[in-house]
Amino acid sequence: MNEATPHDQNTPSGPRGGESPAPSRRSVLWTAGAAGLGIGALGGQQAATADARAAGATETTGAAPTSRRAATMIGVPFEGRSTVRVGIVGLGQRGGSMIDLFLALPGVRVVALCDVVRAKAERAARKVTAAGQPAPALYTKDDQDFERLCQRSDLDFVYVATPWDSHFAMARAAMLQGKHVGVECPAAMELSQLWELVDVSERTRRHCVQLENCAYGRNEMRVLRMAHAGLFGELLHGAGAYIHDLRALMFSPTYYEGPWRRRWHTRLRGDLYPNHGFAPVANYMDVNRGDRAVRVTTFGSPSLGLAAYREEHMPPGDPSWKESYIESDMSISLVQTAKGRVIRLEHNVSNPHPYSRLNILGGTKGVFEDYPPRVYLEPDRNDHQWGDFADYADWDHWLWKEHANPPGGHGGMDYIMLFRLMQCVRLGLVPDFDVYDAATWTAPLPLSHASIKANGAPQEIPDFTRGLWKKPRPGIDSPKPAGD
C-alpha cells in the first residue's frame, strides 16, 4: 500500500508562535466571512456564538452548545441526481491530484475551481477540458474567493483541500450556501469549531463529510468486514497512527505553499493528525453506531526532531530559524470507549521511521496487525504463529472486489473513497459517515494538546450525536446498492 501523504495544499498561513492556537487575521476573516453568509439563518443568540468563535473563543467543557436544537443528520440521505456538480477549493499537492480522480468518476462534472495561486487553477482547468468537460469557472482573486464559489447555484458538492486552519470556515460557508461539503483531514482545529460544524450541518440539512481515505484502504475494509462478522470475537482494543517522516517535506521551499504545515509544530503539542489512525479503528468498533469514544489521555515526548533536522540541513538566515518547536515528536494517546474498549493513537512526523499507521485490532478470538499485515485467529490457528492475511481475501469489501486495481495514489484508496461518496450523492443514499464522525475523529487533535498541557489528565470527548450513538446503524460496511 502506498503511503498516505498529508492533505496539504495551497494557501500559506501567517506566522504564529507559542503554544496557544490564537487565530491569525486570515482565520478570523475566513470565519467572519463565512458567518456573514448565513447570519439570517443563525438567529441572534447563535450569531453571537459564531462571532465569539470567530474571535478565537474555545469550548473547554466538551458540552453541547445550548443554542442548537435542530434535527439530527444521522440517516439523512443525499437528494440524488444524475450528475454531481463539484467545486474544488485548493489545488496544490492534494487537490491538484484528486481532481484527476473526480474527472475519472461516472456522473461527476467539475464546474468550478478555486485557488489563490492562479497558475494552479489554470493547470487544473486544463485537466477538466482535456477530459471533455466544459471549462470550469475559476476563483483566484484572493483567499476569500471561495465564498463566491460557494454561492454558485450550479454546485451540489464542494471539496476542500486547503491548509488546516481554513477547513472549518470553508466547510461552514459551503453548507450555509446550500452545498454538501467534503473536507480533507482534519475537519477543524478547535473543539468549538467541531461543534459548530455539527450545528450548521443540522440547521442547513447539508452533509459535512470528513474525507478519510484510510478508512477505505483494502486492508482496513477487509478487517472491518471480518470484525463485524465476529471473526475477532468480542472486540477489546485497537491502535492507529500517523507515523510518517515529513521532515524534508516540511522544510522544502516548494512542496507546501509556504511553511503552514511546519508552523503547527510551534503551536500545539498533541496529535496533529489523528484521523488516519482513529477512523479505521472507530469503524471496526462501531463508534457512533453502538459505542462511543468517551475520553482521551495523551503523553508527549520532547520536541527535538525538527530542530535537529534544521541544524543539519537549513542554512543560516533561513526563516525557519525564527521558529521554536513545541510539538511532541511522539505523542501517544489512549482513547476509552463507552463499552470499555481501548484505542491507542500515535503521531510522529519528526523522526526517522518507516511509514506506519499501525492498524491493529484485537478481540477475544484473535488479533490483526498491519505493517506488514498479519493475522492470528482461533480456531484457524493455535500454534502461536502469525497467519497470512492474504488467506482472508474472500472478506474483501464489495468495493474492492469491483475495483481491484483502482487508479490514483495511496494504493487506490483515494479513488475508492471518492467513487463511493459520489455514488451516494448520485443515488440519494445515506453517506457512509457524517458530520458526527468528522467531529469525533478530529476531537483528539485539540484534546490531546490539552491533555499534555495538563500532565496527561484525561479529556472528555464530546458526544456529538447527543445520545444517538446508542442505536446501531450502517456505516462504511453498507451493502452494495442495487442497480448501479
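Since this is a predicted model, take the numbers as computed values, not measurements.

What counts, and where the lines are drawn
- Residues numbered from 1 in each chain as written.
- Predicted model: local features only at pLDDT ≥ 70, side-chain atom pairs only at ≥ 80, totals over all residues.
- Heavy atoms only, no water.
- Helix = DSSP H or I, 4+ residues; strand = E, 2+ residues; numbered from the N terminus.
- Buried < 20%, exposed > 50% of the residue type's maximum accessible area, 1.4 Å probe, protein only.
- Polar contact = N/O pair within 3.5 Å; in protein donor to acceptor, adjacent residues only side chain to side chain.
- Contact = heavy atoms within 4.5 Å.
- Pairing = 2+ DSSP bridges.
- Core = buried A, V, L, I, M, F, W, Y, C linked by side-chain atoms within 4.5 Å.
- Salt bridge = Lys/Arg side-chain N within 4 Å of Asp/Glu carboxyl O.

Peer 1: How should I be thinking about the side chain of Arg289 in this particular structure?
Peer 2: By secondary structure assignment, the location of Arg289 is in the loop between helix H11 (275-284) and strand E8 (293-300). Residue Arg289 is classed as buried on the basis of its relative accessible area, which comes to 6%. For Arg289, the side chain forms a polar contact with the main-chain oxygen of Asp432, separated by 3.1 Å. Setting aside chain neighbours within four positions, we find Arg289 in contact with Asp432, Phe433, Asp434, Asp437, Trp469, Lys471, Pro472, Arg473, Pro474 and Gly475.

Peer 1: What exactly am I supposed to notice about the sheet that holds strand E10 (residues 342-348) here?
Peer 2: Think of a sheet as strands paired side by side through backbone hydrogen bonds, with each pair either parallel or antiparallel. Read from one edge of the open sheet, nine strands run E14-E13-E12-E11-E7-E10-E9-E8-E15, paired in mixed fashion. Both outer strands of the open sheet, strand E14 (387-388) and strand E15 (459-460), are each paired with one neighbouring strand and no more. Pairing between strand E9 (residues 331-337) and E10: six bridges, direction antiparallel. Bridge pairing in E10 places Gln336 opposite Val342.

Peer 1: Help me out: how do you make sense of the nonpolar core in this one?
Peer 2: Side chains of nonpolar character tend, in soluble globular proteins, to be buried together. Counting residues in hydrophobic clusters, the biggest one holds 105 residues, and the most contacted among them are Phe102, Phe232 and Met422. In terms of residue count, the dominant contributor to this core is helix H14 (residues 413-427) (nine residues). Residues contacting Phe102, with those up to four places away along its chain left out, are Val86, Ile88, Val108, Val110, Tyr159, Leu418 and Met422. Counting residues in hydrophobic clusters, the runner-up holds 21 residues, among them Trp260, Leu268, Leu272 and Val349.

Peer 1: So what exactly am I meant to see when it comes to the pattern of salt bridges here?
Peer 2: If the charged atoms of two oppositely charged side chains come close together, the side chains can form a pair. Scanning the model with the defined rule gives 27 salt bridges in all. With a closest N to O distance of 2.7 Å, Glu220 and Arg357 form a salt bridge. In this pair, Glu220 sits in helix H8 (residues 218-228) while Arg357 sits in the loop between E10 and strand E11 (360-363), placing the two residues 137 residues apart along the sequence. Here Arg357 falls in the buried class, since its relative accessible area comes to 2%. The shortest N-O distance in the salt bridge between Asp432 and Arg420 comes to 3.0 Å. Of the two residues, Asp432 is situated in the loop between H14 and helix H15 (435-442) and Arg420 in helix H14; the sequence distance between them amounts to 12 residues. Using a relative accessible area of 3% as the deciding quantity, one classes Arg420 as buried. Salt bridges sharing partners connect three or more residues here, namely Glu79, Arg81, Arg85, Asp156 and Arg206.

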